[in-house]
Amino acid sequence: MVHFVGAGPGAPDLITLRGAALLADADVVVYAGSLVNPALLERCKPDCVLHNSAEMTLPEVIAVLESAEAAGLESVRLHTGDPSLYGAIREQMDALAARGIAYDVTPGVSSLFGAAAALGAEFTLPGVSQSLIVTRMAGRTDVPERETLRSFARHGASMALFLSAGMLERVRDELLAGGFALQTPAAIVYKATWPDETVLRCTVGSLAETGALAGIRKTALVLVGDFLDAPYEKSKLYDPAFTTEFRQGSGEIPPEPAENTSECAKDGIAYLSFTERGRMLAERLCNALGGEVACTRDGVGLRDWTARQFPRARALVYVGAAGIAVRAIAPHLIGKASDPAVVAVDERGQYAIPLASGHLGGANELARRIAHVIGASAAITTATDVNDVFAVDEWARVQNCAVAGIPHIRTASAKLLDGSEISVRSSCAIDGNPPQGVCLTQTGEKPDVWVDFHPHAGLVVVPRMLVLGIGCRRGVTSATLEARFAEFCRSADVLPEAICSAATIDLKKNENGLLEFCAAHGWRLITGSAEELSAVAGTFTASDFVAKTTGVDNVCERAALYAAGENAVLLHGKFAGEGITFALAKRPVLLDWKWKNG
Ligand code: SAH
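Note that the structure is a prediction, hence the values are computed from the model and not measured.

Draft legend 1. Up close: the side chain of Ser75. Counting through the fold element by element, Ser75 comes out in strand β4 (residues 75-79). Leaving out residues up to four positions away in the same chain, Ser75 has contacts with Met1, Val2, His3, Val28, Leu65 and Ala68.

Draft legend 2. Expanded view of the sheet that holds strand β3 (residues 49-52). With respect to topology, five strands assemble into an open sheet ordered β3-β2-β4-β1-β5, the strand pairing being parallel. Two strands bound the open sheet, and with one partner strand each, they are β3 and β5 (103-106). Neighbour-to-neighbour, the strand axes of the sheet open up by a mean angle of 20°, direction not taken into account. Two strands pair when backbone bridges link them, and strand β2 (residues 28-31) and β4 are joined in this way by four bridges, in the parallel orientation. Bridging from a neighbouring strand, Val29 pairs with Val76 of β4.

Draft legend 3. Inspection of the packing of aromatic side chains at higher detail. In the structure shown here, the tally under the stated rule is 15 aromatic pairs. Each residue in the set Phe485, Phe488, Phe517, Trp523, Phe575 and Phe582 is aromatic and connected to the rest through ring pairs, giving one cluster. Over the aromatic face of Trp194 sits the side chain of Lys191, whose NZ or CZ is 4.2 Å from the ring centroid.

Draft legend 4. Highlighting the nonpolar core. Counting 56 residues, the largest nonpolar core has Phe390, Leu468, Ile470, Phe517 and Phe582 as its most contacted members. For this core, the leading source of residues is helix α15 (residues 478-492), giving five residues. Split by domain, the residues of this core number at least three in each of domain 4 (392-462) and domain 5 (466-586). Once residues within four sequence positions are removed from consideration, Phe390 is found in contact with Thr384, Trp395, Leu416, Ile422, Pro435, Gln436, Val438, Trp593 and Trp595. If you look at the next biggest cluster of nonpolar residues, it comprises 26 residues, including Leu149, Ile216, Val222 and Val224.

Draft legend 5. Examining the pattern of salt bridges more closely. Here the structure, examined in full by the defined rule, presents 20 salt bridges. Taking the shortest distance from any N to any O, the salt bridge between Arg172 and Asp173 comes out at 3.1 Å. For Arg172, a relative accessible area of 8% corresponds to the buried category. Look at Asp173 and you get partly exposed, because its relative accessible area is 35%. Arg524 is the salt-bridge partner of Asp229, the closest N and O atoms lying 2.6 Å from each other. Taken together, the residues span a long stretch of sequence, with Asp229 in the loop between β10 (220-224) and β11 (269-273) and Arg524 in strand β25 (residues 524-528) at a distance of 295 residues. For Asp229, a relative accessible area of 42% gives the class partly exposed. Overlapping salt bridges, with partners in common, bring together Arg172, Asp173, Glu209 and Lys594 in one network.

Draft legend 6. Inspection of the domain arrangement of the protein at higher detail. Looking at the assigned domains, one finds that the protein contains domain 1 (2-108), domain 2 (112-228), domain 3 (269-381), domain 4 (392-462) and domain 5 (466-586). Here the C-alpha centroids of domain 1 and domain 4 sit 58 Å apart.

Draft legend 7. Quick look at the site of the ligand. Neighbouring residues of the ligand: 18 residues in total, closest Asp82, Leu85, Ser111, Ala192 and Ala220. Here Ser111 contributes a side-chain N or O atom positioned 2.6 Å from an oxygen atom of the ligand. Between Ala192 and the ligand, the recorded distance is 2.8 Å, taken from a backbone N or O atom to a nitrogen atom. Its free accessible area being 530 Å², the ligand has 95% of it covered by the protein chains. Partitioning the shell around the ligand into residue classes produces eleven nonpolar, five polar and two charged. Here the shell around the ligand spans two domains, since at least three of its residues come from each of domain 1 (2-108) and domain 2 (112-228).

Draft legend 8. View of the pairing of strand β24 (residues 499-505). The buried fraction of β24 amounts to six of the seven residues, a majority that puts the element mostly inside the structure. One ladder, built from four bridges, connects strand β23 (residues 466-472) with β24; its direction is parallel. Within β24, the position partnered with Val467 by the bridge is Ser501. As a crossover connection, the stretch from β23 through α15 into β24 is right-handed. Crossover handedness for the path β24 to helix α16 (residues 512-521) to β25: right-handed.

Draft legend 9. Examining helix α4 (residues 111-119) more closely. Those residues of α4 that sit buried are Leu112, Gly114, Ala115, Ala116 and Leu119. Check the buried side of α4 and you find it contacts β6 (132-136), β7 (158-162), β8 (185-190), β9 (198-203) and β10. Of the residues trailing α4, Gly120 is marked for its positive phi of about 60°.

Draft legend 10. Quick peek at the environment of Leu281. With respect to the helices and strands, the residue Leu281 is situated in helix α8 (residues 276-289). For Leu281, a relative accessible area of 7% corresponds to the buried category. In this structure the C-alpha to C-alpha distance between Leu281 and Asp346, which are 65 residues apart in sequence, comes to 9.4 Å. Setting aside residues no more than four positions away along its own chain, Leu281 makes contact with Val319, Val345, Asp346, Glu347, Gly349 and Ile374.

Draft legend 11. Fine view of the state of the cysteines. Under the defined criterion, the tally for this structure stands at zero disulfides. Not engaged in a disulfide, the cysteine Cys202 finds its nearest cysteine sulfur in Cys500; these two sulfurs lie 16 Å apart. The exposure class assigned to Cys202 is buried, which follows from its relative accessible area of 12%. No disulfide involves Cys500; its nearest neighbouring cysteine sulfur is the one of Cys401, lying 11 Å away. The class of Cys500 is partly exposed, set by a relative accessible area of 21%.

What counts and what doesn't
- Residue positions are given per chain, counted from 1 along the sequence in the order it is written.
- This being a predicted model, a pLDDT of at least 70 is required before a residue's local features are given, and a value of 80 or more before pairs of side-chain atoms are given or counted; all residues contribute to the totals for chains, interfaces and linings.
- Note that water and hydrogens are dropped before the side-chain values are worked out from all heavy atoms of the structure.
- Strands are runs of DSSP state E lasting at least two residues, helices are runs of H or I lasting at least four, and both sets are numbered from the N terminus onward.
- Throughout, a residue-residue contact means that at least one pair of heavy atoms, one from each residue, lies within 4.5 Å.
- For two strands to be treated as a pair, DSSP must find at least two bridges joining them.
- Axis geometry follows a simple rule: fit a line to the C-alpha atoms, using only the stretch in contact for helices, then measure angles between N-to-C directions, giving values from 0 to 180 degrees.
- Any Phe, Tyr or Trp ring, taking Trp's six-membered ring, that has another such ring centre within 6.5 Å forms a pair; planes under 30 degrees apart are called stacked, those over 60 apart edge-to-face, and the others tilted.
- The criterion for a charge sitting over a ring is simple: Lys NZ or Arg CZ within 6 Å of the ring centre, and within 35 degrees of the ring normal.
- The term nonpolar core refers to a set of buried residues drawn from Ala, Val, Leu, Ile, Met, Phe, Trp, Tyr and Cys, joined through side-chain atoms within 4.5 Å.
- Categorising residues by exposure relies on relative accessible area from a 1.4 Å probe, with only protein chains included: less than 20% of the type maximum marks a residue as buried, more than 50% marks it as exposed, and the intermediate range marks it as partly exposed.
- The split of the chain into domains comes from an automatic or database domain assignment.
- Any carboxyl oxygen of Asp or Glu that lies within 4 Å of a side-chain nitrogen of Lys or Arg is treated as forming a salt bridge with it.
- Here a residue is considered near a molecule or strand provided that any single heavy atom belonging to it is located within 4 Å of it.
- A 3.5 Å cut-off defines polar contacts: any pair of N or O atoms within that distance qualifies, except that in protein one atom must be a possible hydrogen donor and the other a possible acceptor, and neighbouring residues in sequence count only when both atoms are side-chain atoms.
- Accessible areas in this description were obtained via Shrake-Rupley with a 1.4 Å probe; residue shielding takes into account the shown protein chains only.
- Nonpolar residues are Ala, Val, Leu, Ile, Met, Phe, Trp, Tyr, Cys and Pro. Charged residues are Asp, Glu, Lys and Arg, and all others, Gly as well, are polar.
- Orient the strands so they point away from the viewer, and a crossover whose first-strand-to-second-strand path over the helix runs clockwise is right-handed.
- In this description, the term disulfide denotes a pair of cysteine sulfurs within 2.5 Å.

Below is the structure:
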């Protein structure tokens with residue numbers, strides 16, 4: 001008999017008991033040598049005949065199995081992971097059946113699960129995604145038209161991509177075209193469960209660079225989706241209030257969390273069209289880039305729509321005359337630090353014109369993407385772009401940094417446009433060589449650009465590398481939090497722009513003032529239970545009172561480190577007053593010199 005056996009993802013003790021027993025019994029083993037760990041073959045009998053299928057064709061594999069069968073021997077066909085995923089077993093099973101040879105299949109632990117284990121991830125987080133899409137990028141093997149990566153990406157579900165690590169640029173472009181955001185969390189897991197397992201967490205936008213930097217092109221899975229890093233709802237199954245088949249619950253099922261009623265356009269892009277032709281074009285763009293389409297033909301007013309979307313959307317796209325868009329946005333424009341990207345596209349789709357926030361807001365890049373999708377020209381007018389000169393604010397945006405001292409951008413750009421050099425002094429590592437016109441200095445005079453989370457007079461590119469831990473008493477107002485926060489930033493000598501998210505204990509997750517405060521800064525509030533915060537290793541400012549009321553001896557410091565993740569350090573310990581405590585954790589960041597997407 002022929003036994004198809006899943007070898008597991010790599011670690012030799014991740015084969016099933018049944019698979020191990022079959023291996024130990026086999027007279028002949030045909031193993032997929034490119035991925036199966038040779039250590040597994042040590043389970044075989046000394047006289048077992050081994051064949052590496054990496055060097056064989058299908059007829060050769062079948063011939064080996066057929067002659068073993070004719071000699072009355074037991075054979076194992078050993079596949080990596082689970083054989084039902086990209087294992088090419090069906091063709092072997094059919095060939096055996098055609099020859100009247102019996103076979104069975106023993107499942108294995110797919111690398112898919114090895115990778116999830118390495119990440120400590122759950123693919124199916126309540127409130128985030130309840131589905132996992134397992135697929136691959138089309139390569140030498142075609143993928144059916146209806147199964148393109150971009151069409152799957154539109155679901156926004158958790159995704160696992162096999163056989164795609166050698167095509168990360170295309171993977172990124174397809175995911176973006178399907179509507180994932182540049183900042184959607186992603187991970188590359190190389191050789192999950194092997195001794196040289198490597199886990200690289202990144203974002204959809206940085207997938208290609210992350211893979212290239214680590215030199216990973218194969219034996220890796222690409223995982224994408226908010227399951228990698230998003231707030232979620234606790235499961236119903238283990239909820240004390242929830243009755244299951246096996247357990248009587250203690251009470252009512254808690255109400256479902258309120259629907260997200262904010263009218264923010266999905267994926268952050270809001271399109272407004274004025275004609276049927278315009279609507280069709282907007283819908284085409286929406287399919288490719290994500291977002292939400294409105295049309296004045298449906299009774300939506302230009303002014304109302306603009307007033308509603310301007311403060312909320314990441315980008316506004318007017319499919320119509322640029323002049324109409326300019327007049328509509330004029331009363332709302334504040335400055336490049338906070339304005340959304342605004343792009344006008346003519347209804348025939350010939351030109352995509354960034355009107356505001358070309359660099360920091362990403363309007364230039366959006367115009368280029370729009371142009372790419374519909375075959376238009378992007379009418380880019382910013383001087384640095386037309387002269388192909390390094391733009392500090394574009395660089396900051398591509399590197400996920402904020403900018404402080406925005407008026408100084410002009411001075412730096414003017415120098416570069418004049419052909420002079422600008423100096424950059426950075427407190428974090430920047431990979432690679434600076435582009436033309438930029439020199440990196442560590443000493444000497446005041447640089448043209450600082451890269452730092454501390455304030456400086458002048459232009460500062462601010463990596464979003466800090467997590468703000470917060471403890472507060474019940475009923476605290478956002479105004480008090482705001483005032484204390486300003487004091488904290490002054491005393492800690494940090495720029496508020498450097499903060500990427502906030503963290504606290506889960507007891508506080510519905511504290512209104514706190515939620516308002518976080519929303520006003522655009523921070524996600526990450527919460528951990530008393531147990532989770534207690535498990536954070538380190539030395540903290542302990543308080544008996546806090547321990548008694550919350551179950552953990554310190555909230556702000558522990559929460560900051562908890563949310564900041566691996567390799568983070570405590571930058572600033574507890575800062576207390578008016579019933580509020582703050583602390584800061586610092587996450588490692590690695591910047592590079594890439595300053596243009598796409
Ligand atoms: N049947 C296998 C997949 C075989 S296809 C399974 O269930 O895992 C080969 C692809 O699987 C590789 O290109 C890579 O994407 C993935 N893969 C296999 N082993 C892996 C591992 N240990 N870590 C990460 N990816 C792996």
